[in-house]
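# Topology and contacts: notes
Chain residues, written in single-letter form:
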Amino acid sequence: MRTIDWNDESNLIVMIDQTLLPEEYKVIECKTLASLCEAIMSLRVRGAPALGAAGGYGMALAARLSSAKDMDSLIKDMQVAAKTIKSTRPTAVNLAWGVDRVLHATDDAYDLKSIKSIALSEAKRIADEDVAKNRKLGEYGAELLEDGDVVLTHCNAGKMACVDWGTALGVIRSAVEDGKQIQVIACETRPLNQGSRITTWELMQDNIPVTLITDSMAGHLMRKGAINKVIVGADRITSDVVFNKIGTYTHSVLAKEHEIPFYVAAPLSTFDLEGWEDTVAIELRDDNELRFWNGKAIAPKDVRVYNPAFDATPMENITAVITEKGVYYPPFLLDELFI
Ligand code: MRU
């Protein structure tokens, strides 16, 4: 199934609970806006493009659950829901993008029923488009990979971070589909281990060779010449930087030092051309993510902690950005992408 979807029978959001992977594959339902927000905050659904779909479906759910009796009240309810959903995670721009897209789609609605049906069809369109964009992006990106490449990736920018197929892993999947032998080095991606729990699981399901390393092993392998390329996803691309999972910047510096191409794969919905590094809030997560693992203490329980979820990689460290419209090389005149 898709990472996140709408169940037409129950009229609810369904998603794969990613917090349980790889031990358990469980599909959960979000029956309320509160349960969707909890799912986003606890990373049951995560990854920028999947969050875009979650935002869209969240608005459709809010419209469906509203007991408003007139259009103005329903629109007010949806505006409140939009604010609530957007506040769950601040960095990935796709979440707010998905919410706003559904909200604006209802501008032309003429009655209560049409608001609800437009909201749902727009949310479904976002999800369908995400799959199509990732496929297209994968085709463009696959041309950059050669038979025999060993590709390092960080976090999970795969099917589970999108509605399906994936961005960074979508490029790898497309290259494999073209008949190329690609080996993946997956960084575990501390502290929540999206790399070791999700990327390796996803790739092994597709029989794509993958080797797990800790985040700090990347430099050692690059120095030994064991990595040909790096491909990561993105949570937000501003005019000056790419925000992605914490640790991405370090890999980019290492890749530059070792003259290894460093690619970012992301749909255009991840671009925030009005934003700059300084205008974007980096999500700070719970201190206990570093103090405990599976309920077991791995640090003194009162140690001071700093736990940002993302970092910023300057454009000069990036070889190319792969989008559904093509591959872009520096200088990145990002507004040209949208012409
Ligand atoms: O905190 P997460 O798991 O939502 O972070 C996800 C990432 O940083 C991904 O690399 C990014 O969203 C790209 S997903 C295609």
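Keep in mind that what you see is a predicted model, and the values were worked out from it rather than measured.

## Structural notes on the nonpolar core
If you look at the biggest cluster of nonpolar residues, it comprises 43 residues, and the most contacted ones within it are Ile-4, Ile-13, Met-15, Ile-40, Met-59 and Met-78. Among the secondary structure elements, those contributing two or more residues to this core are β1 (4–7), β2 (12–16), β3 (27–30), α1 (33–41), α2 (48–65), α3 (71–86), α4 (93–105) and α5 (112–142). The element contributing the most residues to this core is α2, with 11 residues. Not counting chain neighbours up to four residues away, the residues in contact with Met-59 comprise Met-78, Ala-81, Ala-82, Ile-85, Val-99, Val-102 and Leu-103. Core analysis: the next-biggest nonpolar cluster, separate from the first, contains 26 residues, Val-150, Leu-152, Ile-185 and Ala-218 among them.

## A short note on helix α7 (residues 194–205)
For α7, which comprises 12 residues, the first-to-last C-alpha distance of 16 Å matches the rise-based estimate of 16 Å (1.5 Å per residue) to within 8%. Gln-194, Gly-195, Ser-196, Arg-197, Ile-198, Thr-199, Thr-200, Trp-201, Glu-202 and Leu-203 are the residues of α7 that are buried. Turning to α7, the residues buried within the fold contact β4 (150–153), α6 (168–177), β5 (183–187), β6 (210–213) and β9 (241–245).

## With respect to the environment of Thr-32
Structurally, Thr-32 is set in the loop between β3 and α1. Remark: the alpha-carbon pair of Thr-32 and Pro-267, spanning 235 residues in sequence, is separated by 29 Å. Residue contacts for Thr-32: discarding those within four places in its chain leaves Leu-61 and Leu-65.

## Some thoughts on the site of the ligand
Near the ligand you find 18 residues, and of these Arg-46, Arg-89, Asp-235, Asn-244 and Lys-245 are the closest. Elements supplying a minimum of two residues to the shell around the ligand: α2 and β9. When its residues are assigned to classes, the shell around the ligand shows 8 nonpolar, 6 polar and 4 charged. Residue-level mapping places the shell around the ligand at the junction of two domains, with at least three residues from each of domain 1 (4–134) and domain 2 (140–338).

## Focus on the pairing of β6
Two faces belong to every sheet, and in a regular strand the side chains alternate between them. Two strands pair when backbone bridges link them, and β5 and β6 are joined in this way by 4 bridges, in the parallel orientation. Bridge assignment links Ala-186 to a residue of β6, and that residue is Leu-212. In the classification by handedness, the crossover that spans β5, the intervening α7 and the parallel β6 is right-handed.

## A closer look at the sheet that holds strand β10 (residues 262–265)
A sheet is described by the order of its strands in space; here 7 strands give the open sequence β6-β5-β4-β7-β10-β14-β15, paired in mixed fashion. The open sheet is flanked by β6 and β15 (326–328), the only strands paired with a single partner. Within this sheet the neighbouring strands show an average axis-to-axis angle of 25°, counted without direction. Note that β4 and strand β7 (residues 229–232) share 2 bridges and pair parallel. Each residue of the ladder has a partner; that of Val-151, found in β7, is Lys-229. The sheet strands contacting α5 are β10, β14 (320–323) and β15, and the helix crosses β14 at an angle near 140°. Along the sheet face, helix α9 (residues 248–257) touches β4, β5, β7 and β10 and points at about 145° away from the line of β10.

Definitions and limits used
Counting restarts for each chain: residues are numbered from 1 in the order of the written sequence. With pLDDT at 70 or above as the cut-off, local features in this predicted model cover only qualifying residues; side-chain atom pairs require 80 or more to be listed or tallied, and sums for whole chains, interfaces and linings still use all residues. Only heavy atoms go into the side-chain values, all of them from the structure, while hydrogens and water stay out. By nonpolar core is meant a set of buried Ala, Val, Leu, Ile, Met, Phe, Trp, Tyr and Cys residues that side-chain atoms within 4.5 Å join together. To sort residues, take the accessible area from a 1.4 Å probe on protein chains only and compare it with the maximum for the residue type: under 20% means buried, over 50% means exposed, and anything in between is partly exposed. We count a stretch as a helix when DSSP gives it H or I for four or more residues in a row; a strand needs E for two or more, and each element gets its number in order from the N terminus. In what follows, a contact means two residues having at least one pair of non-hydrogen atoms within 4.5 Å. Expected helix span is given by 1.5 Å per residue-to-residue step, counting one fewer step than there are residues. If even one non-hydrogen atom of a residue comes within 4 Å of a molecule or strand, that residue is called near it. Asp, Glu, Lys and Arg are counted as charged, while Ala, Val, Leu, Ile, Met, Phe, Trp, Tyr, Cys and Pro are counted as nonpolar; the rest, among them Gly, fall into the polar class. In this document the domain limits rely on a domain assignment from an automatic tool or a database. Paired strands, in this sense, are two strands between which DSSP finds at least two bridges. The handedness rule is simple: strands pointing away from the viewer, and a clockwise path from the first strand over the helix to the second, make the crossover right-handed. The convention used is that axes are lines fitted to C-alpha atoms, helices contributing only their stretch in contact, and that angles between N-to-C directions extend from 0 to 180 degrees.

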